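Chains, contacts and geometry: an overview
Chain by chain, the residues run as shown.
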Amino acid sequence: MRPIIETNQLTKKFNGLIAVDKLDITVEPGENFGLLGPNGAGKTTTINMLCTILKPTSGTAKVNGYDVVKEANKVRKSIGLVFQDPSIDDRLTGRENLYMHANLYGVPASEQKERIENILKLVELEDRANDLMRTYSSGMRRRLELGRGLIHYPKVLFLDEPTVGLDPQTRAHMWKYIEELKEAHDITVVLTTHYMEEAERLCNRIAIMDYGKIIALDKPSKLKETLEGDVILVKANNLEELAKLLTAEFGFKKIRIVDDTVEITVKQGKSLLPRIVEATATQNIFVESILLREPNLEDVFLHYTGRGIRADSGKERYGLGAMKRRRIK
């Protein structure tokens, strides 16, 4: 069986800046494939090239067997796309938006009514179908955009940060709809996200992107196995002093401060818990709590990139080097 998506040295440059750098990926039919990375990693640019919105600077890509440059129209008929930013006409009703999209994609007139009713039922918007989109909540709009992207039964559904800005409950509902639609119509899903737990739970395979490159690609479980360690979480009254102390005492290499917690990735973490508490007892450091957990994809991303996926948010600080830089400032 041929891949539903395959790229060869796919590259995109903007005024000399390399946004996507010689990308080689394959996606199998029926997969949930995740592109994971922070803002600016190249995820959206990759999606835009695969969807024919942007032309590659060099390299090639095929979607459903069609070249994204030479056979762009056939690619477009093969895909559905839910953009990161709202892209729906709020002057129309929900039902009118679906009809407009069905016509644009050539859905036979004899099938449109049934397909639209099925979509409305699936995303639970039957009772609001005749209301103007401007009266919908953000969650309702995203649900309708999902349904709209599937009205023509695409082979591949591209989801570019589909749940950004939504509350956890609405996000959970969104994924329920996506899975139901996927199973009903044998659709391959390509997802970009910076929500680690979302990618870990939903994706068969994940490609971690940073600075336009794929730096790791595998099943979530396999990616976590590369860390070969446990994660110790320590909350204390003086995090910077605690991180310094633990680095000096134990020689920890993978240590960072995230919000109000020191995180350490080590082998045989369980045996270190009492030693960490003992080491802080003689210092002016009060340990509020200490926990042990298995590594997650956030830890994987830090391992491969040296920074966290939400580094651009300003909430995360890294190791002793970051502490020194903050002092200099």
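Structural notes, computed from the coordinates. (Residues numbered from 1 in each chain as written. Predicted model: local features only at pLDDT ≥ 70, side-chain atom pairs only at ≥ 80, totals over all residues. Heavy atoms only, no water.)

**Focus on helix α1 (residues 43-50)**
Counting along an α-helix, one turn takes 3.6 residues, and residues three or four places apart therefore face a common direction. Keep this limit in mind: Exposure classes here rest on a 1.4 Å probe applied to the protein chains alone. A residue is buried below 20% of its type maximum, exposed above 50%, and partly exposed in between. The way it works is that DSSP assigns letters per residue, a run of H or I at least four long becomes a helix, a run of E at least two long becomes a strand, and they are numbered from the N terminus.
Buried residues dominate α1, accounting for seven of its eight residues. Those residues of α1 not exposed but buried are K43, T45, T46, I47, N48, M49 and L50. Of the residues one or two after α1, T52 is the one with positive phi, at around 75 degrees.

**A short note on the packing of aromatic side chains**
Going by this rule: Side-chain rings of Phe, Tyr and Trp, where Trp is taken by its six-membered ring, are said to pair if the distance between their centres is within 6.5 Å; with planes under 30 degrees apart they count as stacked, over 60 as edge-to-face, and otherwise as tilted. Note on criteria: charge over ring means Lys NZ or Arg CZ within 6 Å of the ring centre, with the direction from the centre no more than 35 degrees off the ring normal.
Enumeration over the complete set of coordinates arrives at one aromatic pair. Residue placement shows R115 over the ring face of Y153; its charged tip is 3.9 Å from the ring centre.

**Describing the environment of L35**
Quick note on the threshold: Contacts were defined at the residue level, with two residues in contact if any of their heavy atoms lie within 4.5 Å.
Checked against the element boundaries, L35 lands in strand β4 (residues 32-36). Of the residues examined, L35 reaches a relative accessible area of 2% and is grouped as buried. Taking the C-alpha atoms as reference points, L35 and M209, separated by 174 residues in sequence, lie 6.7 Å from one another. Those residues within four positions of L35 in sequence are excluded, and the remaining contacts are K43, T46, I47, L191, T192, T193, A207, M209 and I214.

**A short note on the pattern of salt bridges**
Spelled out, the test is: Every case where a carboxyl oxygen of Asp or Glu lies within 4 Å of a side-chain nitrogen of Lys or Arg is listed as a salt bridge.
One pass over the full model with this rule turns up 16 salt bridges. Linking K176 and E124 is a salt bridge whose minimum nitrogen-to-oxygen distance equals 3.6 Å. Within this pair, whereas K176 is found in helix α6 (residues 168-185), its partner E124 is found in the loop between α4 (109-122) and α5 (138-149), the two being separated by 52 residues in sequence. Each of the salt bridges in this network shares a partner with another, and the network as a whole consists of R256, E263, R293 and D299.

**Focus on the nonpolar core**
So the rule is basically this: Among the buried residues, those of types Ala, Val, Leu, Ile, Met, Phe, Trp, Tyr and Cys that are joined through side-chain atoms within 4.5 Å form a nonpolar core.
Within the largest apolar cluster, 42 residues are counted, with the highest numbers of intra-cluster contacts made by L146, L159, I206, I208 and L297. Looking at this core, the element that brings in the most residues is α6, giving five residues. Setting aside residues no more than four positions away along its own chain, I208 makes contact with L36, K213, I214, I215, A216, L223, V300 and F301. The next biggest cluster of nonpolar side chains, apart from the first, holds 25 residues, and it includes I4, V27, V190 and M209.

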